[in-house]
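# Results of the structural survey
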2 protein chains.
Amino acid sequence: MTQILFAQVYKEMFPFWEEITESDRNYICENSVALTYPKATNIHNGTECSGVILVRSGCLRLYIMSDQGKEITLYRIHAGDMCMLSASCVLKSVTFDVFVDAEENSECYVINGQAFSNVADRNPNIKIFTLETAVSRFSDVMWIMQQILFMSMDKRLAMFLSDEIARTGSETINLTHEQIAKYIASAREVVSRMLKYFANEGIVEVSRKGIKVLDKKRLYNLSL
Amino acid sequence: MTQILFAQVYKEMFPFWEEITESDRNYICENSVALTYPKATNIHNGTECSGVILVRSGCLRLYIMSDQGKEITLYRIHAGDMCMLSASCVLKSVTFDVFVDAEENSECYVINGQAFSNVADRNPNIKIFTLETAVSRFSDVMWIMQQILFMSMDKRLAMFLSDEIARTGSETINLTHEQIAKYIASAREVVSRMLKYFANEGIVEVSRKGIKVLDKKRLYNLSL
């Protein structure tokens, strides 16, 4: 019964699903499991092959970590999206370590990496899909890296927001992204994207009413 | 005549060359040019599609740049290797800007990006080759990013080497990578890889005799 569920979901999520043989489709479904990860579970840890993870509900966080335990979030994977970098036996050319945690209770379908890899070896379109998924994520990763490395944009925005709530005594900042960009000598697009990053991290909440600071302590720490 | 030369080189460098039709092979050769870039020329600049660049002699440097003009070298492309990230019309999922300069006088074969893309659309193995080339480069990029972001390993190593030449009055440091790793609380592999990065940047020369500092000023600037 579960295998029928898998097939229904894979049909939606994999553009190659209808192109591969029935026997390959069955093989992928037979090598799938439905798992629920409780909030704060570590799902993937560095180099092992944890398989292809499809998120059905909840949210996974993908990050890199230093020897001292410092983390940088690369991106989050929400319901309806999938994690490829956890399948190191599929993406053999990826040789750096990433970590994946469940950030909420998360229901996932996990396809065994070796099984997925076997089918990909027979079907070039699966390989292309897998690699393209990885490459498009790297563009996001490069963006956040550049902002942190070059501009200290995370720091400059955090500093501005911290100063602003201290100055006004309110936790909500009623400025447009355009205005903030002018204050910190940046571009509107950069401010909007970095605010989205802060919002994903739970540091601020962005709405029509303005920017509400949710975690003053982390915002202050970022500004140091 | 040049087209025969192109075909000979492509046969060596592209694992898919024999698998594609003669007409596709001819089409790629017809859309190729042999160019010599003088030292210090900027070859690729951000988002435009400069095509697939194969280096025959010389060396290209691929880097990212901040609005203020600060650069971080991601990697170098030597004779016998190729640059895919410059072909943004082939790698559509790459959306960040890279820059490519000729670091020496460099003879290159350049395949028009749109022509290469047209052939790749007909041949899944070309697409796979292109994406895998990009993904494997990203692993190198992630490594250098992590070292800079987390550990300030570039800074710590530069500081140690600067202090050491000041202390001994010699430009050559006669310590093993293992010994240096102990001094800066790192691992031998990390020191070796970072020294290789410094050597590529022309800051040091690494040989059996030891580590010779070639550019004291840049080493000192890195240590700040």
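Scroll up to find the structure this text is about.
The notes below deal with the structure included here. What you are looking at is a predicted structure, and each value in this text was computed from that prediction instead of being measured.

With that out of the way, let us pick up the relation of the copies chain A and chain B. Between chain A and chain B, which share one sequence, the superposing operator has a rotation angle of 180° and an axial displacement of 0.0 Å; the RMSD is 0.1 Å. What the rotation and shift describe, once combined, is the action of a two-fold rotation axis. The residues that chain A uses at the interface reappear at the interface of chain B in 100% of cases, marking a shared surface.

Residue and element names in this part refer to chain B. Positionally, Asn 42 belongs in strand S2 (residues 42-46). Look at Asn 42 and you get partly exposed, because its relative accessible area is 37%. Between the C-alpha atoms of Asn 42 and Phe 99, which are 57 residues apart in sequence, the distance is 7.6 Å. Beyond its immediate stretch of four places on either side in the chain, Asn 42 contacts Tyr 63, Phe 99, Val 100 and Asp 101. Side-chain polar atoms of Asn 42 contact the backbone oxygen of His 44, separated by 3.2 Å. A polar contact of 3.3 Å, which involves the side chain of Asn 42, links it to the backbone oxygen of Val 100.

Moving on: the side chain of Glu 201 of chain B. Examined against the element boundaries, Glu 201 of chain B turns out to sit in the loop between helix H7 (188-200) and strand S10 (204-207). A distance of 3.2 Å separates a polar atom in the side chain of Glu 201 of chain B from a polar atom in the side chain of Arg 76 of chain B.

Listed as interface residues are 31 residues of chain A and, on the opposing side, 31 residues of chain B. Summing the contributions of chain A and of chain B, the shared interface buries around 2,900 Å²; its carbon and sulfur component is 79%. Taken together, chain A and chain B are joined by 0 salt bridges. Remark: the boundary between chain A and chain B carries 0 residue pairs in polar contact (both at pLDDT 80 or more). Those elements that provide at least two residues to the side of chain A that touches chain B are strand S4 (59-65), strand S5 (71-78) and helix H4 (124-151) of chain A. The greatest single-element share of the side of chain A that touches chain B, amounting to 17 residues, is contributed by H4 of chain A.

Residue and element names in this part refer to chain A. On inspection of all chains with the given rule, the structure shows 2 disulfides over all chains. With a sulfur-sulfur separation of 2.2 Å, Cys 49 is cross-linked through a disulfide to Cys 89. Taking the sign of the S-S torsion, about -50° here, the bridge from Cys 49 to Cys 89 comes out left-handed. With Cys 49 in the loop between strand S2 (42-46) and strand S3 (52-57) and Cys 89 in the loop between strand S6 (82-83) and strand S7 (98-102), this pair connects stretches of sequence that are 40 residues apart.

The next point concerns the packing of aromatic side chains. Under the definition given, this model contains 24 aromatic pairs over all chains. Ring centres 6.5 Å apart and planes at 70° place the aromatic pair Phe 16 of chain A and Phe 116 of chain A in the edge-to-face group. One end of the pair, Phe 16 of chain A, is in the loop between helix H1 (2-13) and helix H2 (22-30); the other, Phe 116 of chain A, is in helix H3 (residues 113-122), with 100 residues separating them in the sequence. For Phe 16 of chain A, a relative accessible area of 2% puts it in the buried group. For Phe 116 of chain A, a relative accessible area of 1% translates into the label buried. When the ring of Tyr 10 of chain B is compared with that of Phe 14 of chain B, the centres are 5.4 Å apart and the planes differ by 45°; the resulting orientation is tilted. Among the aromatic side chains, those forming a connected cluster through ring pairs are Phe 6, Tyr 10, Phe 14, Phe 16, Trp 17, Tyr 109, Phe 116 and Phe 129 of chain A. Of note, Arg 61 of chain A hangs over the ring of Tyr 63 of chain A, and the distance from its end group to the ring centre comes to 4.2 Å.

Scoring rules and cut-offs
- Residues numbered from 1 in each chain as written.
- Chains lettered and ligands numbered in written order.
- Predicted model: local features only at pLDDT ≥ 70, side-chain atom pairs only at ≥ 80, totals over all residues.
- Heavy atoms only, no water.
- Least-squares fit on C-alpha atoms with pLDDT ≥ 70 in both.
- Contact = heavy atoms within 4.5 Å.
- Helix = DSSP H or I, 4+ residues; strand = E, 2+ residues; numbered from the N terminus.
- Buried < 20%, exposed > 50% of the residue type's maximum accessible area, 1.4 Å probe, protein only.
- Polar contact = N/O pair within 3.5 Å; in protein donor to acceptor, adjacent residues only side chain to side chain.
- Buried area = accessible area lost by both parts, 1.4 Å probe.
- Salt bridge = Lys/Arg side-chain N within 4 Å of Asp/Glu carboxyl O.
- Disulfide = S-S within 2.5 Å.
- Phe/Tyr/Trp six-rings, centres within 6.5 Å; stacked < 30°, edge-to-face > 60°.
- Lys NZ or Arg CZ within 6 Å of the ring centre and 35° of its normal.

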